[in-house]
Amino acid sequence: MPTEPRPMPQPPRYETPEQRADRNLVELLQELRVAQTGVQILFAFLLGVAFTSRFPQLSAFQRGIYAATLLLTVITAAVGGSPREVDTGLYAYAASVSVAECRAS
């Protein structure tokens, strides 16, 4: 009976809590970038649906569902992009404070 090979033991990670927090933030931002790409593709598809020849044949209920889905996609794109924008803004603020401190010295 064949046995499964044991996984190689991983060496312990030697990182400070700040390094771990930085790594987790980078990973989280990367996941948000991937999710935001999917939301943008969905948004483009939904915008294209309105220009098809069958769109005028939709009932009022179906158009309401379409409008709600489109609105939720816009909100998701805005909320999904905000952490990246906040991170960029905080980085720019920290850089400007650092430059100001260097000039004051």
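Structural data are supplied above this passage.
Residues numbered from 1 in each chain as written. Predicted model: local features only at pLDDT ≥ 70, side-chain atom pairs only at ≥ 80, totals over all residues. Heavy atoms only, no water.

Draft legend 1. Up close: the overall build of the protein. Of the regular secondary structure elements, the protein holds 2 helices and 0 strands. Put simply, the protein has 105 residues, and 10% of those count as buried. (Helix = DSSP H or I, 4+ residues; strand = E, 2+ residues; numbered from the N terminus. Buried < 20%, exposed > 50% of the residue type's maximum accessible area, 1.4 Å probe, protein only.)

Draft legend 2. Region of interest: a nonpolar patch on the surface. On the surface, L71, L72, I75 and V79 cluster together into a nonpolar patch covering about 390 Å² of accessible area. Within the fold, I75 resides in helix α2 (residues 60-104). (Patch = residues over 30% accessible without salt bridge, like charges linked within 9 Å, V, L, I, M, F, W, Y side chains within 5 Å. Areas by Shrake-Rupley, 256 points an atom, 1.4 Å probe, with all protein chains shown as cover. Salt bridge = Lys/Arg side-chain N within 4 Å of Asp/Glu carboxyl O.)

Draft legend 3. Structural detail: the pattern of salt bridges. Going through the model one piece at a time under the given rule, you end up with 1 salt bridge. Taking the shortest distance from any N to any O, the salt bridge between R23 and E27 comes out at 3.5 Å. Note that R23 and E27 are positioned in helix α1 (residues 17-49) at a spacing of 4 residues, about one turn of the helix.

Draft legend 4. α1, seen in detail. Helix length check: α1, at 33 residues, gives a terminal C-alpha distance of 48 Å against a target of 48 Å (1.5 Å per residue), a fit within 8%. For α1, the set of buried residues is L29, Q36, V39 and L46. (Expected span 1.5 Å × (residues − 1).)

Draft legend 5. Structural view of the side chain of T73. In this fold, T73 is placed in helix α2. A relative accessible area of 4% means that T73 is categorised as buried. Engagement of the side chain of T73 in a polar contact is seen with the backbone oxygen of T69, the distance being 2.7 Å. Residue contacts for T73: discarding those within four places in its chain leaves V39, L42, F43 and L46. (Polar contact = N/O pair within 3.5 Å; in protein donor to acceptor, adjacent residues only side chain to side chain. Contact = heavy atoms within 4.5 Å.)

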